[in-house]
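Here is how the chains run, residue by residue.
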Amino acid sequence: MHPHLNIAVSAARAGGRVIMRHLNQLEQLQVRAKSRNDFVSEVDHAAEREIVQVIRRAHPDHAILAEEGGADGRSDCVWIIDPLDGTTNYLHGLPQFAVSIALQQRGRLEHAVVYNPWSQELYTASRGQGAQLDGRRIRVSKARALEGSLIGTGFPFRQNQNLDTYMPMLRHVMEHSAGVRRAGSAALDLAYVAAGRLDGFWEIGLQPWDLAAGILLISEAGGRVSDLASDGGDPLKTGNVLAGTPKVFEALAAGLRPLLRTGK
């Protein structure tokens, strides 16, 4: 395992221990609404501090981009961190949440970890080295068409956030696939695409820390991932992502991109 990936794994597990330590005390947690339906708890902050501490011990000169702490430092090496992706699930005791950590070097994603502390499943990837789940190589599914495929998504949950654009997309995918799942953690959904549990995924309005690790996992697992609007766009910049097996990706792109442009 690459030393940087090893640090990411150690940091993710450290954050995961904080998350699980508070799981039986949910009713006592301090929770704040960042915006409508967008919550942050003291556990998010505590897990992020633990993650950053592990990284800082090894690389005090690297930059950090984290959900709760924002950007810190300037460097060609940037750690992109979501300490608790799926906070709303966590606050309800729903076991669909994860720690997501990626290392971007000179603008290119190089290492990624998505860790579900509830199941202790650990998804890892390094550029050019493939993707793994608990140390075993994973690949995207063999799905070759939208028909019969299981597709993940995330519903717009903030007030007035792209709902009119999103609903025609949801209808299209529901009518042409085997089903749509909205589990509430984009980081895990993208990891599931990499592992072949989902055949594709799309969502609008995400942040870099939601996406970074999952993008590399899917790429290293043989899938395709891009901005929703075009293959040349960067989902880390736009927040709109499309991913899947090569054939499912093409089918989703053909069906969803016209709807994104027209909103109908």
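Predicted model, so just to flag it, every value in this text is computed and none were measured. (Residues numbered from 1 in each chain as written. Predicted model: local features only at pLDDT ≥ 70, side-chain atom pairs only at ≥ 80, totals over all residues. Heavy atoms only, no water.)

Q: I'm lost on the sheet that holds strand β5 (residues 77–85) in this one. Help?
A: The strands making up a sheet associate through backbone hydrogen bonding, with each pair oriented either parallel or antiparallel. Strand order in the open sheet made by the eight strands is β4-β3-β5-β6-β7-β8-β9-β10, with mixed pairing throughout. Looking along the sheet, the strands with just one partner apiece sit at the ends: β4 (70–72) and β10 (136–138). The mean angle between the axes of side-by-side strands here comes to 20 degrees, regardless of whether they run parallel or antiparallel. As paired elements, strand β9 (residues 131–133) and β10 share three bridges and run antiparallel to each other. Directly across from Gln 132, in β10, lies its bridge partner Arg 137. Sheet strands touched by helix α1 (residues 3–21): β5, β6 (98–105), β7 (108–116) and β8 (121–126). Its angle to β7, the strand with the most contacts, is close to 30 degrees. Contacting β3 (63–66), β4, β5 and β6, helix α2 (residues 42–58) crosses the sheet at an angle of about 150 degrees to β5. (Pairing = 2+ DSSP bridges. Helix = DSSP H or I, 4+ residues; strand = E, 2+ residues; numbered from the N terminus. Axes fitted to C-alpha atoms, helices over the stretch in contact; angles between N-to-C directions. Contact = heavy atoms within 4.5 Å.)

Q: Just checking my understanding: could you explain the pattern of salt bridges for this structure?
A: As a working rule, side chains carrying opposite charge can pair if their charged atoms are close by. The final tally for this structure, using the stated rule, is nine salt bridges. In this structure, Arg 106 and Asp 76 form a salt bridge, with 4.0 Å as the shortest nitrogen-oxygen distance. Of this pair, Arg 106 sits in the loop between β6 and β7 while Asp 76 sits in the loop between β4 and β5, and the two are 30 residues apart along the sequence. With relative accessibility at 48%, the residue Asp 76 sits in the partly exposed group. Arg 127 is the partner of Glu 110 in a salt bridge, and the nearest nitrogen-oxygen pair spans 3.9 Å. One end of the pair, Glu 110, is in strand β7; the other, Arg 127, is in the loop between β8 and β9, with 17 residues separating them in the sequence. Taking relative accessible area as the criterion, Glu 110 reaches 13% and is therefore assigned buried. A residue is classified by how much of its surface remains accessible, and Arg 127, at 33% relative accessible area, is partly exposed. Among the charged side chains, a salt-bridge network with shared partners connects Arg 224, Asp 231, Glu 250 and Arg 257. (Salt bridge = Lys/Arg side-chain N within 4 Å of Asp/Glu carboxyl O. Buried < 20%, exposed > 50% of the residue type's maximum accessible area, 1.4 Å probe, protein only.)

Q: I would appreciate a short explanation of the sheet that holds strand β14 (residues 224–227) in the present structure.
A: Taken together, five strands build an open sheet; the order of strands is β12-β11-β13-β15-β14 and the sheet is mixed. Among the strands making up the open sheet, the edge pair consists of β12 (179–181) and β14. Each neighbouring strand pair of the sheet contributes to a mean axis angle of 20 degrees, computed without reference to strand direction. Two elements, strand β13 (residues 200–203) and strand β15 (residues 241–244), share four bridges in a ladder whose sense is antiparallel. Paired with Glu 203 across the strands is Val 241, a residue of β15. Across the sheet, helix α6 (residues 208–220) is in contact with β14 and β15; its angle to β14 comes to roughly 140 degrees.

By themselves, these are just geometric observations and shouldn't be taken as functional.
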